[in-house]
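# Coordinate inspection notes
So you can see what is in the structure, the chains are spelled out below.
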Amino acid sequence: MKKIIAFAGSNSRNSINKQLVEYAATLVDDVEVTVLDLNDFELPLYGIDYELEHGIPDNAQKFLDTIKSSDGILLSLAEHNGAYATVFKNIFDWMSRIDGKLWSDKPMLLMATSPGGRGGATVLDIAKGRFPYMGGNIVSEFSLPSFHDNFSNGKLVSEALSLELNMRVDIFNKAL
């Protein structure tokens, strides 16, 4: 059985992106899913001086090892001021110091949501421009606008958005 990881690029205990990625993970067929929480991988703020003095923190290596041992990645990015959330950027930076191709060409369904009408589109664009240089194999993407209007009781309420997400998950599933 294929093993995938699912996580949100957020450290919020009530992350809407974590809710989305957990829901999307239930739609993937015949896989073992491990949901990761960035709070379980606490890291110091990346800086070259820290790295030279202390080396790479164990949690950065553990997260990277989890990526490498998976067959695919579901990731829903939080958008903070039009960019990655700090916690995601930090773990991303630490992992890139270990392996510049940190995503290891694993099939990836890249998602984002936000309370606003653009659904994290800006952070998705940033990731789509950057991840392929870092071993990212983005096979599909999904943006959920207006989270609080379109997601309730653990699932999508819009039939059109639900059909779109299912189509995106099918593409991901076929790439595994």
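In this report, the structure presented in the accompanying data block is examined. (Residues numbered from 1 in each chain as written. Predicted model: local features only at pLDDT ≥ 70, side-chain atom pairs only at ≥ 80, totals over all residues. Heavy atoms only, no water.)

Looking only at helices and strands, one finds 7 helices and 9 strands in the protein. A compact globule built from 176 residues would reach a C-alpha radius of gyration of about 16 Å, and the protein, at 16 Å, matches this within 12%. By its C-alpha atoms, the protein is 55 × 35 × 25 Å across when sized along the principal axes. For the protein, the exposed surface amounts to about 8500 Å²; the carbon and sulfur share of it is 45%. (Helix = DSSP H or I, 4+ residues; strand = E, 2+ residues; numbered from the N terminus. Rg over C-alpha atoms; globule rule 2.2 N^0.38 Å. Areas by Shrake-Rupley, 256 points an atom, 1.4 Å probe, with all protein chains shown as cover.)

Relative to the elements of secondary structure, isoleucine 73 occurs in strand S3 (residues 72-77). Residue isoleucine 73 is classed as buried on the basis of its relative accessible area, which comes to 0%. Once residues within four sequence positions are removed from consideration, isoleucine 73 is found in contact with Ile5, Phe7, Ile67, Trp103, Lys106, Pro107, Met108, Leu109 and Phe172. (Buried < 20%, exposed > 50% of the residue type's maximum accessible area, 1.4 Å probe, protein only. Contact = heavy atoms within 4.5 Å.)

In this section: the pairing of strand S2 (residues 31-36). In this sheet, S2 lies alongside strand S1 (residues 2-9) in parallel orientation, the contact comprising 6 bridges. Within S2, the position partnered with phenylalanine 7 by the bridge is leucine 36. In terms of handedness, the path from S1 via helix H1 (residues 16-26) over to S2 forms a crossover that is right-handed. (Pairing = 2+ DSSP bridges. Right-handed = clockwise from strand over helix to strand, strands pointing away.)

Time to look at the pattern of salt bridges. Counted according to the given criterion, the structure contains 7 salt bridges. Of the charged contacts in the structure, one is a salt bridge between lysine 128 and glutamate 141, with a shortest N-O distance of 3.0 Å. One end of the pair, lysine 128, is in helix H5 (residues 121-130); the other, glutamate 141, is in strand S7 (residues 137-144), and 13 residues separate them in sequence. Judged by its relative accessible area of 27%, glutamate 141 is partly exposed. Here glutamate 164 ties to arginine 168 by a salt bridge, and the two come within 3.8 Å at their closest N and O atoms. One end of the pair, glutamate 164, and the other, arginine 168, are both in helix H7 (residues 159-175), 4 residues apart, so they sit about a helical turn from each other. In this structure glutamate 164 comes out as partly exposed when scored by relative accessible area, which is 29%. Salt bridges sharing partners connect three or more residues here, namely Asp125, Lys128 and Glu141. (Salt bridge = Lys/Arg side-chain N within 4 Å of Asp/Glu carboxyl O.)

This next bit is on the side chain of serine 15. In this structure, serine 15 sits in the loop between S1 and H1. Overall, the relative accessible area of 6% leaves serine 15 in the buried class. In this structure the side chain of serine 15 is engaged in a polar contact, spanning 3.0 Å, whose partner is the backbone nitrogen of lysine 18. Once you skip the residues sitting within four places of it in the chain, serine 15 turns out to touch Ala8 and Ser10. (Polar contact = N/O pair within 3.5 Å; in protein donor to acceptor, adjacent residues only side chain to side chain.)

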